[in-house]
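Structural overview for review
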Amino acid sequence: MTTLMQVNRQWANRPADQRFVSLTDLQSKVRADRDNSIGSVVSTRDIRVIPHPADPVKGITIEGKSGLYDPTHFAFGQIAALAKAPAGYLRSLPAPIVADAVNYGLRFGRDAEEVGILRTKTFVDSLDGEIDGGDPVEHVELRAATGPRYGRIWNADIVDSLVDRFGDGITGKFRVPGEFGRQVPITKQNTTIYGSDRDIFVFLADEENRIGMSNRRDGQPGSLARGFFVWNSEVGASTMGIAMFLFDYVCQNRIVWGVKEFKEVRLRHTAAAPDRWLEEVTPILQAYSRSSAAPIEEAIQIAQQKRVDDDLDAFLKNRFSASEAVAIKAAHEREEGRPIETVWDATTAVTAHAKTIRNQDDRVAMERRGGAILDLVAV
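Throughout, a residue's number is its position along its own chain's written sequence, starting from 1. Thresholds applied to this predicted model are a pLDDT of at least 70 for local features of residues and 80 or more for the giving and counting of side-chain atom pairs; totals over whole chains, interfaces and linings are not thresholded and use all residues. Each side-chain value is worked out from all heavy atoms of the structure, with water and hydrogens disregarded.

Description of the overall build of the chain
- Counting secondary structure elements, the chain contains twelve helices and 14 strands.
- The burial tally for the chain puts 50% of its 379 residues in the buried class.
- Between two residues, a contact is recorded if the distance between any of their heavy atoms is within 4.5 Å. At a minimum sequence separation of 6, the contacts of the chain that also span at least 24 residues come to 67%.
- Surface accessibility follows the Shrake-Rupley procedure with a 1.4 Å probe radius. Residue values consider only the protein chains on display as shielding. Per element, the accessible surface of the chain, about 17,600 Å² overall, is 51% carbon and sulfur. Per the convention used, a helix needs a DSSP run of H or I reaching at least four residues, while a strand needs a run of E reaching at least two, with both numbered from the N terminus. Any residue under 20% of the maximum accessible area for its type is buried, any over 50% is exposed, and the rest in between are partly exposed; the area is computed with a 1.4 Å probe on protein chains only.

Now the structure itself:
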């Protein structure tokens with residue numbers, strides 16, 4: 001078995017305003033973002049980077065046909081990338097030089113003459129950030145600058161789907177996990193529901209309806225819980241994805257321990273991404289929300305009985321390289337003290353081998369391939 005650190009990184013790095021104690025709290029935030037946002041494709045000749053009126057030496061803003069909009073830190077990095085200029089270096093230069101460099105890159109350094117922009121209206125106490133007791137001032141942010149064929153999947157659409165299927169994420173069957181398998185009050189400190197102007201990340205688990213196994217490890221019985229991650233960025237910071245897995249427990253640092261059967265679906269934000277979200281990922285969420293632990297448990301029981309030892313080399317050769325097959329067999333011998341005999345042994349062996357892979361992406365990819373073995377006996 002292996003561990004997953006994705007939630008731990010979220011837990012360690014998210015500030016308080018990006019932590020939500022329920023899905024419905026996150027839903028309110030992302031719905032407001034969507035309702036106050038306008039996405040459009042414009043000509044690079046219709047937007048211009050200029051020094052910011054409030055700080056013409058170091059600040060910049062975007063001048064478009066509809067007025068001024070200030071880029072977020074992330075959006076400025078996207079603009080710099082579209083202009084083929086290093087964002088870090090640009091941030092060290094005076095605003096007039098930055099404006100000239102980016103404007104030149106947008107108009108003459110790009111193959112395409114169009115750019116996709118996402119503007120979001122917010123309200124602040126005053127344009128200079130001072131609290132003056134007056135009415136809030138409307139402020140428009142540039143949250144994204146992408147290629148013209150970027151396929152936006154709104155965070156609000158995803159969270160709406162999660163709420164429809166799993167409720168508030170703290171009282172239903174799938175909820176923010178507890179600590180070491182025990183339910184605890186959910187606070188901003190221990191939540192696994194995160195969102196910002198850049199992305200969302202949600203981890204929910206069903207820890208009460210655990211999947212029992214008569215031979216979990218070394219002949220000993222045990223049980224595993226079901227969990228899933230969902231993540232997305234409507235501004236281009238990441239893919240949209242969902243990962244499903246079995247696990248033992250989650251610790252206080254939000255590390256997921258004892259993971260098996262890790263399966264993942266990712267969608268790049270191409271022009272067809274919104275349709276693919278509806279056609280591919282939504283049905284997965286629907287099935288997961290309605291399913292019980294029984295089919296998974298039955299599949300595991302079948303896998304524990306289905307023998308492959310008579311043709312083990314052929315079984316592994318069809319799914320892994322020769323060197324991977326040798327390492328997988330060795331990993332099972334090392335951890336279980338016997339050769340691979342069943343389909344379940346093979347999945348356990350792949351997980352054991354994955355633990356020896358240093359690169360996180362390669363380790364997760366190996367876990368996915370191991371999880372796919374169970375599909376051979378899916379009920």
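Looking at the pattern of salt bridges
- For salt bridges, the criterion is a side-chain nitrogen of Lys or Arg within 4 Å of an Asp or Glu carboxyl oxygen. Summed over all chains, the structure comprises 14 salt bridges.
- Among the ionic pairs, Glu63 bridges to Arg48, the shortest N-O distance being 2.5 Å. One end of the pair, Glu63, is in strand β5 (residues 55-64); the other, Arg48, is in strand β4 (residues 48-52), with 15 residues separating them in the sequence.
- Residue class for Glu63 comes out partly exposed when judged on its relative accessible area of 30%.
- In this structure, Arg226 engages Asp206 in a salt bridge whose closest nitrogen and oxygen atoms are separated by 3.4 Å. In this pair, Arg226 is assigned in strand β11 (residues 220-232) and Asp206 in strand β10 (residues 200-217), connecting sequence segments 20 residues apart. Just as Arg226 is buried, Asp206 falls in that class too.
- Counted as one network, the salt bridges with shared partners bring together Arg34, Asp35 and Asp157.

Some words on the packing of helix α2 (residues 23-35) against helix α6 (residues 155-166)
- Look at α2 against α6: their axes get within 8 Å of each other, and the N-to-C directions meet at 150°. As summarised for this structure, α2 and α6 are arranged roughly antiparallel, according to the angle between their axes. Along this stretch, α2 crosses α6, giving a crossing that reads as left-handed. When α2 is examined against α6, the residues Leu23, Thr24, Leu26, Gln27, Val30, Arg31 and Arg34 are found in contact with a partner set consisting of Asn155, Ala156, Asp157, Val159, Asp160, Leu162 and Val163. Axis lines are fitted to C-alpha atoms, over the contacting stretch for helices. Their N-to-C directions set the angle, which ranges from 0 to 180 degrees. Here the angle decides the label: under 35 degrees means roughly parallel, over 145 means roughly antiparallel, 65 to 115 means roughly perpendicular, and every other value means oblique. Should the near helix be turned anticlockwise from the far one by less than a right angle, the crossing is left-handed, and should it be turned clockwise, the crossing is right-handed.

Here we look at the packing of aromatic side chains
- Stacked, edge-to-face and tilted are the three classes for Phe, Tyr and Trp ring pairs, Trp counted by its six-membered ring, which pair at centre distances within 6.5 Å; planes under 30 degrees apart are stacked, over 60 edge-to-face, the rest tilted. The full count for this structure, using the stated rule, is 13 aromatic pairs.
- When the centroid spacing of 5.7 Å and the interplanar angle of 55° are considered together, the rings of Phe174 and Phe228 count as tilted. One end of the pair, Phe174, is in the loop between α6 and β9 (193-195); the other, Phe228, is in strand β11, with 54 residues separating them in the sequence.
- What makes Phe174 buried here is its relative accessible area of 1%.
- The interplanar angle of 40° and the centroid separation of 5.9 Å between the aromatic rings of Phe203 and Phe245 together place this pair among those described as tilted. A residue pair is termed long-range when its members are at least 10 positions apart, and Phe203 in strand β10 and Phe245 in strand β12 (residues 240-247) qualify at 42 residues.
- Assessed through its relative accessible area of 2%, Phe245 is described here as buried.
- Through a chain of ring-to-ring contacts, three or more aromatic side chains come together here, namely Phe201, Phe203, Phe229, Phe245, Phe247 and Phe262.
- Above the face of the Tyr69 ring, Arg119 is positioned so that its terminal group lies 5.5 Å from the ring centre. Only when the NZ atom of a Lys or the CZ atom of an Arg is both within 6 Å of the ring centre and within 35 degrees of the ring normal do we say a charge sits over the ring.

Quick look at the confidence of the model for the chain
- Of all residues in the chain, 86% attain a pLDDT of 70 or more, and the chain-wide mean is 84.
- Per-residue confidence from the predictor is reported as pLDDT, which spans 0 to 100. Within the chain, the lowest mean pLDDT, 60, falls on helix α8 (residues 293-305), and the highest, 98, falls on β9.

Topic: the nonpolar core
- What we call a nonpolar core is a set of buried Ala, Val, Leu, Ile, Met, Phe, Trp, Tyr and Cys residues that are connected through their side-chain atoms within 4.5 Å. If you look at the biggest cluster of nonpolar residues, it comprises 28 residues, and the most contacted ones within it are Leu162 and Phe228.
- When residues in this core are grouped by element, the largest group, six residues, is from α6.
- Not counting the four nearest positions on each side in its chain, Phe228 is found in contact with Leu162, Phe166, Phe174, Val202, Phe203, Leu204, Ala243, Met244, Phe245, Leu285 and Tyr288.
- Counting residues in hydrophobic clusters, the runner-up holds 25 residues, among them Val49, Leu90, Val115 and Ile117.

As for the pairing of β4
- The sheet contact formed by β4 and β5 spans five bridges and is antiparallel. From the neighbouring strand, Arg48 faces β5, where its bridge partner is Glu63. Only strands joined by at least two bridges in the DSSP assignment are considered to pair.

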